[in-house]
Amino acid sequence: DLIFVTAPSSEELELARQSNVEIMVVPFTAEAFVFLTDTDNPVDDLTLDQIQKIYTGELQRWSEVGGNDLPIQAYQRPVNSGSQTGFLELVMKGKTPMTPLTEMIPAGMDELIEVLATYKTQESAIGYSYYYYVTDMWKNDGVKLLKVDGVYPDKATISAKTYPLTTNYFMVFRNDEKEKGAVRKIVNWILS
């Protein structure tokens, strides 16, 4: 009846429309889209332009962004996953990412974090997720968050929206939920 998720993809919204279902997508908390790499990687900060160029394949070595002379292993997520939708909308902004190798699209976010922490060439890998997932749900001391445009993602920079890739988590439910029903009561309570 009610889900708490990242922004629905355009395909998911279209599926609802085709099914004659009007959904409500209500933001309720601040969130950020973050990039992470192995703690051994000396790069701590990337510009949004550098990130876009990594994922379009224009930048292929860490030495091009101040790191060691190693190839960049740029992981992505499956189409219509929340993090892939966020990546395309918040980061790529209409730019087409390169097609990753199949083994560079882990199905689960926990798999992505584990891969980045234990990748055989460790500091070569880069991936992305949402702040809450990386810091609270699947914390791993083998990965670190990267600054974007000089700003480190933390609760203060996310809340103040000084971190450049801030977004929200959303409550999503059918618009035909009763005004005094349980779903709307929960939504109203959360927003109070």
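Position numbers for residues start from 1 in each chain and track the written sequence from start to end. Local features in this predicted model are restricted to residues of pLDDT 70 or higher, and side-chain atom pairs are both shown and tallied only at a pLDDT of 80 or more, whereas totals for entire chains, interfaces and linings draw on every residue. To get the side-chain values, take all heavy atoms of the structure and skip hydrogens and water.

### Remarks on the packing of aromatic side chains
Point 1. Working definition: a ring pair exists when centres of Phe, Tyr or Trp rings (six-membered ring for Trp) sit within 6.5 Å. Plane angles under 30 degrees give stacked, over 60 give edge-to-face, the rest tilted. Enumeration over the complete set of coordinates arrives at ten aromatic pairs.
Point 2. Each ring, one from F35 and one from Y55, has its centre 6.1 Å from the other, and the planes form 50°; the classification is tilted. Taken together, the positions of F35 in strand β2 (residues 23-38) and Y55 in helix α2 (residues 48-56) put the pair 20 residues apart, joining distant regions of the chain.
Point 3. Classification of Y55 by relative accessible area gives buried; the value is 0%.
Point 4. Measuring from centroid to centroid gives 6.1 Å for Y130 and Y169, while their planes differ by 65°, and the two rings are edge-to-face. Taken together, the positions of Y130 in strand β5 (residues 125-130) and Y169 in strand β8 (residues 166-174) put the pair 39 residues apart, joining distant regions of the chain.
Point 5. In this structure an aromatic cluster arises from ring pairing among F33, F35, Y55, F87, Y128, Y130 and Y169. Every helix listed is a DSSP run of H or I at least four residues long, and every strand listed is a run of E at least two residues long, numbered separately from the N terminus. For each residue, the accessible area found with a 1.4 Å probe, counting protein chains only, is set against the maximum for its type, and the residue is called buried under 20%, exposed over 50%, and partly exposed in between.

### Re the environment of Y131
Point 1. By the secondary structure assignment, Y131 is in helix α5 (residues 131-137).
Point 2. Separated by 98 residues in sequence, Y131 and F33 place their C-alpha atoms 6.1 Å apart.
Point 3. Here Y131 is in contact with E31, A32, V34, D136, L145, P153, D154, K155 and I158, once residues within four sequence places are set aside. By definition in these notes, contact holds between two residues if any of their heavy atoms fall within 4.5 Å.

### Re a nonpolar patch on the surface
Point 1. Patches here: salt-bridge-free residues with over 30% relative accessible area, like charges joined within 9 Å, nonpolar side chains (Val, Leu, Ile, Met, Phe, Trp, Tyr) joined within 5 Å. All accessible areas in this document rest on Shrake-Rupley with a 1.4 Å probe, and a residue is counted as covered only by the protein chains that are shown. By convention in these notes, a salt bridge is any Lys or Arg side-chain nitrogen within 4 Å of a carboxyl oxygen on Asp or Glu. Taken together, Y132, M137 and W138 make up a surface patch of nonpolar side chains, about 300 Å² in accessible area.
Point 2. For W138, the location among the structural elements is in the loop between α5 and β6 (143-145).
Point 3. On the accessibility criterion, W138 (31% relative accessible area) is partly exposed.

### Overview of the pairing of β8
Strand residues, when the strand is regular, have side chains that alternate between the two faces of the sheet.
Point 1. The buried fraction of β8 amounts to seven of the nine residues, a majority that puts the element mostly inside the structure.
Point 2. Any two strands are treated as partners once DSSP identifies two or more bridges connecting them. Relative to β8, strand β1 (residues 2-5) is paired through four bridges, and the arrangement is antiparallel. For F4, the partnering residue across the bridge sits in β8 and is M171.
Point 3. Where β2 meets β8, nine bridges bridge the pair, whose relative direction is antiparallel. The partner of V26 across the bridge, within β8, is M171.

### Side note on the nonpolar core
The tendency in soluble globular proteins is for nonpolar side chains to be buried as a group.
Point 1. As used here, the term nonpolar core means buried Ala, Val, Leu, Ile, Met, Phe, Trp, Tyr and Cys residues forming a set that is joined through side-chain atoms within 4.5 Å. Within the largest apolar cluster, 32 residues are counted, with the highest numbers of intra-cluster contacts made by F35, Y55, V91 and I126.
Point 2. Elements that contribute at least two residues to this core include exactly β2, α2, α3 (82-92), β5, α5 and β6.
Point 3. Broken down by element, the residue count for this core peaks at five residues, all from β2.
Point 4. When near neighbours in sequence (up to four residues on either side) are disregarded, Y55 contacts F35, A74, Y75, Q76, F87, M92, P97, M98, I126, G127 and Y128.
Point 5. Within the second largest apolar cluster, six residues are counted, among which are L2, M171, V183 and V187.

### Here we look at α3
Point 1. Those residues of α3 that sit buried are S83, Q84, T85, G86, F87, V91 and M92.
Point 2. Of the residues one or two after α3, K93 is the one with positive phi, at around 45°.

Read these as spatial facts, not as claims about activity.
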